[in-house]
Amino acid sequence: MTRAMHNPALMLLNDSPRLPIIAALAVRFAATVTQWERRRRSRVNLGQLDDRLLRDVGLTRYQADREKRRYFWLS
């Protein structure tokens with residue numbers, strides 16, 4: 001399972017040839033949890049937007065509510 005890590009520090013750690021297996025797993029776990037938290041926060045914030053702001057981003061209230069209800073582990 002390959003995940004894109006956007007944090008440069010995490011990418012550097014993950015690409016290190018000397019990184020022990022347990023450390024590599026910890027880095028991947030941290031990257032995954034960070035991504036999940038970013039999704040959760042984004043979906044909560046999306047649910048708090050008013051209709052005018054939703055129109056600005058091109059979403060209807062129904063679409064925003066549907067996205068807000070998605071589980072954080074789903075992209």
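Residues numbered from 1 in each chain as written. Predicted model: local features only at pLDDT ≥ 70, side-chain atom pairs only at ≥ 80, totals over all residues. Heavy atoms only, no water.

**Quick word on the overall build of the protein chain**
Here is step 1: Along its length, the protein chain carries four helices and zero strands.
Here is step 2: For the protein chain, the sequential pattern of α-helices and β-strands runs α-α-α-α.
Here is step 3: Partitioning the intrachain contacts of the protein chain with sequence separation of at least 6 by distance along the chain shows that 44% fall at a separation of at least 24.
Here is step 4: For the protein chain, the accessible surface area stands at approximately 6200 Å², while carbon and sulfur atoms represent 60% of it. (Helix = DSSP H or I, 4+ residues; strand = E, 2+ residues; numbered from the N terminus. Contact = heavy atoms within 4.5 Å. Areas by Shrake-Rupley, 256 points an atom, 1.4 Å probe, with all protein chains shown as cover.)

**Here's the deal with a nonpolar patch on the surface**
Here is step 1: Taken together, Tyr71, Phe72, Trp73 and Leu74 make up a surface patch of nonpolar side chains, about 410 Å² in accessible area.
Here is step 2: With respect to the helices and strands, the residue Tyr71 is situated in the segment after helix 4 (61-68). (Patch = residues over 30% accessible without salt bridge, like charges linked within 9 Å, V, L, I, M, F, W, Y side chains within 5 Å. Salt bridge = Lys/Arg side-chain N within 4 Å of Asp/Glu carboxyl O.)

**Quick look at the environment of Arg61**
Here is step 1: Here Arg61 shows up in helix 4.
Here is step 2: Owing to a relative accessible area of 29%, Arg61 belongs among the partly exposed residues under this scheme.
Here is step 3: Between the alpha carbons of Arg61 and Asp50 there is a distance of 8.4 Å; along the sequence they are eleven residues apart.
Here is step 4: When neighbours within four sequence positions are excluded, Arg61 is seen to be in contact with Gly47, Leu49, Asp50, Asp51 and Leu54. (Buried < 20%, exposed > 50% of the residue type's maximum accessible area, 1.4 Å probe, protein only.)

**As for the pattern of salt bridges**
Here is step 1: For the structure on display, the rule yields six salt bridges.
Here is step 2: The salt bridge partner of Asp51 is Arg61, with a shortest N-O separation of 3.2 Å. Taken together, the positions of Asp51 in helix 3 (residues 51-57) and Arg61 in helix 4 put the pair ten residues apart, joining distant regions of the chain.
Here is step 3: Three or more residues are tied together by salt bridges with common partners; here these are Glu37, Arg40 and Arg41.

**Some remarks on the packing of helix 2 (residues 21-47) against helix 4**
Here is step 1: Where helix 2 meets helix 4, the axes come as close as 9 Å, and the angle between the chain directions of the two elements is 150°. Judged on the interaxial angle alone, helix 4 and helix 2 are roughly antiparallel. Two packed elements cross with a definite hand, and for helix 2 against helix 4 that hand is left-handed. Contacts between helix 2 and helix 4 involve Arg43, Leu46 and Gly47 from the first element and Arg61, Ala64, Glu67 and Lys68 from the second.
Here is step 2: Taken together, the residues that form the contact of helix 2 with helix 4 break down as two nonpolar, one polar and four charged. (Axes fitted to C-alpha atoms, helices over the stretch in contact; angles between N-to-C directions. Parallel < 35°, antiparallel > 145°, perpendicular 65-115°, else oblique. Left-handed = near helix turned anticlockwise from the far one by under 90°. Nonpolar A, V, L, I, M, F, W, Y, C, P; charged D, E, K, R; others polar.)

By themselves these figures say nothing about function.
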